[in-house]
Every structure is written in C-alpha cells, then in structure tokens.
Amino acid sequence: MLSYMKILISFILVTYSSSAFALAELEYRSYLDKQLLCMAEAIYFESRGEPFTGQVAVAQVILQRVESKVFPDDVCAVVHQGRLHKSGSPVKHKCEFSYWCDGKPEEVEDEGAYKEAISVASLVSEGVRILSVKSALHYHAIYVRPYWADSYKRLAQIGRHVFYSRERVSK
C-alpha cells in the first residue's frame with residue numbers, strides 16, 4: 001500500500017509539474033505572439049509601401065529600442081510609448097511612433113501589406129538585420145523634420161525614412 005501511494009504521489013507531482021511547465025510555456029508563447037503582432041502593427045502603420053529593407057530597418061529600430069536601457073523592455077511598450085491622458089489614451093502627436101497617437105484608429109485595410117509586416121516582424125525577430133542601421137534608435141519620414149534630427153548622428157536613408165543613432169553630433 002505504501003509503494004502504491006509513492007507511485008501515485010510521484011505521478012501527481014510529475015503531472016502537476018508537466019502541466020505547470022506546459023502552462024508557463026503557453027503563456028510565454030502567447031507573450032511572444034503578442035510582441036510579434038505589436039511589431040507587425042508598427043511595421044504596417046509606419047512603413048507599409050516601403051521597400052523590404054525599409055520595413056526591416058523600422059522593425060530593427062524597435063528591437064534595438066527594446067535592447068536599450070533608454071526605452072521600455074518589450075516591443076508593445078516600445079511601439080505604444082507616449083504621453084497619456086488621465087483617461088489612459090495617448091495624447092495626440094505625443095508618441096514615439098506617430099501612428100499610435102495620430103488620432104486615427106489602427107485598422108488594417110491592406111491584408112497583403114499586413115501579412116508582409118508579419119513576415120518582416122518574424123524575420124527580424126529571428127535575427128535578420130540591416131547593417132547600416134545597426135545602432136539606429138530613431139527614424140523619421142523624409143517629409144518631416146523633427147527637432148532632434150540635427151542632434152543625432154544620421155546613419156542612412158532607406159526608402160522614405162532616415163535613420164539615426166543616439167550618438168550626439170557636435171556642432
């Protein structure tokens with residue numbers, strides 16, 4: 001009877017720890033899926049219509065911000081970073097990524113471009129990089145001139161975006 005109890009207890013412990021591990025792994029995968037979708041969202045709204053390399057560069061900036069001590073430590077927090085109203089919604093035009101607080105809803109209208117954004121997000125998550133922007137933490141479209149553009153080191157222009165490192169330019 002005692003050995004039967006030991007076997008039963010061992011079975012319960014193994015089953016419980018396997019279930020706990022499986023649940024933890026499922027939660028982690030869900031977290032990674034959410035991060036990937038946040039990156040795809042940013043790629044879609046910030047750079048759809050850009051060449052493949054331009055989309056990769058935008059995604060790369062997102063991941064480089066995640067790795068930087070200056071920015072939040074996950075993709076969703078990086079792309080949704082900005083000043084918030086007391087209501088919790090973003091203040092218009094006060095976000096790190098302009099699409100997030102431009103006052104327009106984030107609605108995907110081009111399924112093909114969205115699928116491409118997911119593919120780019122997956123590739124960049126797996127390590128695909130553009131060497132010319134390997135230290136980029138900022139970018140802007142060529143048709144705007146942010147106040148900080150003259151302060152940071154310009155690295156490259158890819159498509160309609162200009163990429164910068166956080167390295168200060170001496171004047």
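Placed above this text is the structure.
Basis of the calculations
- Residues numbered from 1 in each chain as written.
- Predicted model: local features only at pLDDT ≥ 70, side-chain atom pairs only at ≥ 80, totals over all residues.
- Heavy atoms only, no water.
- Helix = DSSP H or I, 4+ residues; strand = E, 2+ residues; numbered from the N terminus.
- Buried < 20%, exposed > 50% of the residue type's maximum accessible area, 1.4 Å probe, protein only.
- Contact = heavy atoms within 4.5 Å.
- Areas by Shrake-Rupley, 256 points an atom, 1.4 Å probe, with all protein chains shown as cover.
- Expected span 1.5 Å × (residues − 1).
- Pairing = 2+ DSSP bridges.
- Axes fitted to C-alpha atoms, helices over the stretch in contact; angles between N-to-C directions.
- Patch = residues over 30% accessible without salt bridge, like charges linked within 9 Å, V, L, I, M, F, W, Y side chains within 5 Å.
- Salt bridge = Lys/Arg side-chain N within 4 Å of Asp/Glu carboxyl O.
- Lys, Arg positive; Asp, Glu negative; His and termini not counted.
- Charge placed at Lys NZ, Arg CZ, Asp CG, Glu CD.

## Quick notes on the overall build of the chain
Here is step 1: Secondary structure summary: the chain contains 4 helices and 5 strands in total.
Here is step 2: Each helix and strand of the chain, placed in order from N terminus to C terminus, yields the pattern α-α-α-β-β-α-β-β-β.
Here is step 3: Burial statistics for the chain: of 171 residues in total, 36% are counted as buried.
Here is step 4: Taking the contacts inside the chain whose residues are at least 6 apart along the sequence as the reference set, 55% of them involve residues at least 24 apart.
Here is step 5: Split by element, the accessible area of the chain, about 11,000 Å² in all, is 58% carbon and sulfur.

## So, helix α2 (residues 52-67)
Here is step 1: Compared with the 22 Å implied by 1.5 Å per residue over 16 residues, the 23 Å span of α2 between its first and last C-alpha is a close match.
Here is step 2: Counting buried residues along α2, 13 of its 16 residues qualify, which places the element largely inside the surrounding structure.

## Some details on the sheet that holds strand β5 (residues 161-168)
By definition, the strands of a sheet pair up through backbone hydrogen bonds, in either a parallel or an antiparallel sense.
Here is step 1: Ordered in space as β3-β5-β4, the 3 strands form an open sheet in which the pairing is antiparallel. Strands with a single pairing partner mark the edges of an open sheet, and in this sheet they are β3 (136-141) and β4 (152-158). Averaged over neighbouring strand pairs, the angle between their axes works out to 30 degrees when direction is ignored.
Here is step 2: Direction of pairing for β4 relative to β5: antiparallel, over a ladder of 5 bridges. Note that in β5 the partner of alanine 156 across the bridge is phenylalanine 163.
Here is step 3: On top of the sheet, α2 reaches β3, β4 and β5; it is set at about 135 degrees to β3, its chief contact.

## Things to note about the environment of leucine 123
Here is step 1: Turning to its location among the elements, leucine 123 is positioned in helix α4 (residues 111-125).
Here is step 2: Taking the C-alpha atoms as reference points, leucine 123 and alanine 59, 64 residues apart in sequence, are found 9.5 Å from one another.
Here is step 3: The contacts of leucine 123, once residues within four sequence positions are left out, are Phe52 and Val128.

## Some remarks on a negative patch on the surface
Here is step 1: Taken together, the side chains of Glu107, Glu109, Asp110, Glu111 and Glu116 make up a negatively charged region of the molecular surface.
Here is step 2: Take glutamate 116: it is sitting in helix α4.
Here is step 3: On the accessibility criterion, glutamate 116 (34% relative accessible area) is partly exposed.

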